[in-house]
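Residues per chain, in single letters:
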Amino acid sequence: MSAILSNHTELLTRERIQQVMQEEVRLNAAFIDGEWITLAGVTNNYETATNNAHNLYDPSTGEVIAQTQLCTAAQVDQAAIAANKAFATWSQTTGAERAGYLNAIADSMEAQFAKLVGLSVFNNGKPIAEAEIDVGDAIACYRYYAELAAAQPTQTVVATDEPGIRLYKYLEPVGVCALIVPWNFPMVTTAWKLAPALAAGCTALLKPSEVTLIPELLLGNILSDINLPKGVVNILPGAAEVGAAMTSHPLIDKVSFTGSNAVGEKVMAQAATSAKDISLELGGKSAIIVREDADIDAACELIVGGIFTNAGQICSATSRLLVHQAIAQPLYQALKAMTEQLVIGEGFAGETQMGPLVSAAQLRQVQKYFAIAAEEQLNCLTGGISSELHAFKEGYFAVPTIYTDVPTDSRLWQEEIFGPVLVTATFADDTQAIQLANASDYALAATVVSADETQALAVASSVRAGHIWINEQQIVLPQAGWGGFKQSGIGRELGEDGLAAYQKSKHILLPN
Ligand code: NAD
């Protein structure tokens, strides 16, 4: 990816990206039925005169970088009608035709890679390297589902032991989909839904997070540029009102939601009234288990990467460290030193390793847990503060934080913080490590660090989580299904499972 970026590095400054935003991003608009519909000051059958005014912020300064309007339920209705109409023809296209469009999206994203990266840095606060992962993985995801769409047979013969009959199986698109995404890795989370939905032959209403609209609106330009048929994808900048209207709309057949458990519960209830197909990717409180035989420095790299990447705002962040008691003290010392060396700063600065939190609300959420930790009298190894970052006092910065030997009944041990906060505990043997790792309402991901691959695999096979890394961290390949057990969600994204989530089987039986 760096090769693509190096051709466009002149774009990656705040000033140039601000210019790109002003010249190319369609603020105050929704992409509906292949057209940009202006949201402010327009009245027609669908639009109310008063859409919702909304500010977008630069997380590294707290300054307003753009003012825009959000959709209302009226635009959801308009988009659902368009997507429903488009479904009639899009669902009849061949897999190869859909693959052509998916590859065209990937080509166009590649051509605009630096712009997408820069807009993500600007709107989300993340360092350039993390935004490159967001956009790069999104491109890989569109390409992967292009391959699957092209390769999938339209009809398969099902073997039966019944003489004199034939049975055929078809995989049909589930219908019109409501795709609702969060702000933490916006481009890739969108791709994980949109790519398989399009590959399957579904049409979609996409609602980006209202916090990170800017790069997602550029995606609307891309869909327009590649001449995706009208109504196949509709992009609705909106907040909870729009999400609620999408998930309860009678023309929507499926809801795919990524976000918090609190909102996920509402989405399930909203979708229940019309028995919609539903996929939920929710929260996590994932464990990283460091066995006694682990190399301490290598383990610290994985621990630091697992919790402080994207300032801890990753659903699969390994936010609970379980370390063998024999190596806990030297590991804590090495971990403290490595953590305190992290370069915190604004995303556009090349040396930045950890950026700000995405919003004032997210900073308040992390500060709430600092206060709870103080009340619970937890041992703070490092961090636990936000306002002391004098250089950045206007932005949404929190210091990377570690609380050691945290009791398992602590709220910090049990609850998803979604910020740069690690809690630790020690274990005496693998059995206790597995028991502690599994003692959570969440079960999304885990990491095992060990010099002994056989033992590490044995531990991994007993940990209940949808994705486990051994001596690696946070690598998510398009081929691997993604999703958790327990309260981490329902269903799987990515891989073949991700395509199956947008298809339903249909069987036709006839005599020989
Ligand atoms: P959130 O739940 O606040 O919002 C997610 C999306 O839901 C946003 O687009 C929001 O506008 C929308 N929304 C809000 N109210 C709604 C309603 N009533 N009906 C429908 N939609 C509604 O989450 P967030 O703060 O944007 O993201 C952080 C959360 O996302 C964390 O809990 C994190 O673990 C989770 N997450 C999970 C995964 C995963 O793969 N499991 C990936 C990324 C993030």
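Residues numbered from 1 in each chain as written. Predicted model: local features only at pLDDT ≥ 70, side-chain atom pairs only at ≥ 80, totals over all residues. Heavy atoms only, no water.

A.B. asks: Can you walk me through the domain arrangement of the protein in this structure?
C.D. replies: How big an interface is tends to be stated in terms of the accessible area lost upon association of its parts. What the domain assignment reports for the protein is domain 1 (3-282 + 490-507) and domain 2 (287-477). Every contact between the two is made by 30 residues of domain 1 and, on the other side, 26 residues of domain 2. Summing both partners gives a buried area of about 2,100 Å² for domain 1 against domain 2, and 62% of it is carried by carbon and sulfur. One can count 1 salt bridge joining domain 1 with domain 2. Of the charged contacts in the structure, one is a salt bridge between Arg14 and Glu346, with a shortest N-O distance of 2.1 Å. Scanning the region where domain 1 abuts domain 2 turns up 7 residue pairs in polar contact (both at pLDDT 80 or more). Secondary structure elements with two or more residues in the side of domain 1 that touches domain 2: helix H2 (14-24), strand S3 (52-58), helix H5 (113-124) and helix H6 (128-151). If one sorts the elements of the side of domain 1 that touches domain 2 by residue count, H5 sits on top with 4 residues. Class assignment for the residues of the side of domain 1 that touches domain 2 results in 14 nonpolar, 10 polar and 6 charged. (Domains from an automatic or database assignment. Contact = heavy atoms within 4.5 Å. Buried area = accessible area lost by both parts, 1.4 Å probe. Salt bridge = Lys/Arg side-chain N within 4 Å of Asp/Glu carboxyl O. Polar contact = N/O pair within 3.5 Å; in protein donor to acceptor, adjacent residues only side chain to side chain. Helix = DSSP H or I, 4+ residues; strand = E, 2+ residues; numbered from the N terminus. Nonpolar A, V, L, I, M, F, W, Y, C, P; charged D, E, K, R; others polar.)

A.B. asks: Is there a simple way to explain the environment of Lys285 in this structure?
C.D. replies: Counting through the fold element by element, Lys285 comes out in the loop between strand S11 (277-281) and strand S12 (287-290). Looking at Lys285, the relative accessible area reads 2%, which means it is buried. When the C-alpha positions of Lys285 and Ile417 are compared, they lie 8.4 Å apart, and in sequence the two are 132 residues distant. Here Lys285 is in contact with Ser319, Arg320, Leu412, Trp413, Gln414, Glu415, Glu416, Ile417, Ser440 and Tyr442, once residues within four sequence places are set aside. Of the polar contacts made by the side chain of Lys285, one reaches the backbone oxygen of Glu415; its length is 2.7 Å. (Buried < 20%, exposed > 50% of the residue type's maximum accessible area, 1.4 Å probe, protein only.)

A.B. asks: Sorry, what's going on with the nonpolar core here?
C.D. replies: One recurring pattern in soluble globular proteins: nonpolar side chains tend to sit buried together. Among the nonpolar cores identified, the biggest contains 139 residues, and Met109, Tyr142, Tyr145, Val290, Leu321, Leu331 and Leu412 are the most heavily contacted of them. Sort the elements by how many residues they give to this core and H6 lands first, with 12 residues. For Val290, the contacting residues outside a window of four places in its chain are Ala299, Ile303, Leu321, Leu322, Val323, His324, Ile327, Leu331, Phe427 and Val449. Counting 25 residues, the second-largest nonpolar core is a separate cluster that includes Ala30, Cys71, Ala79 and Met246. (Core = buried A, V, L, I, M, F, W, Y, C linked by side-chain atoms within 4.5 Å.)

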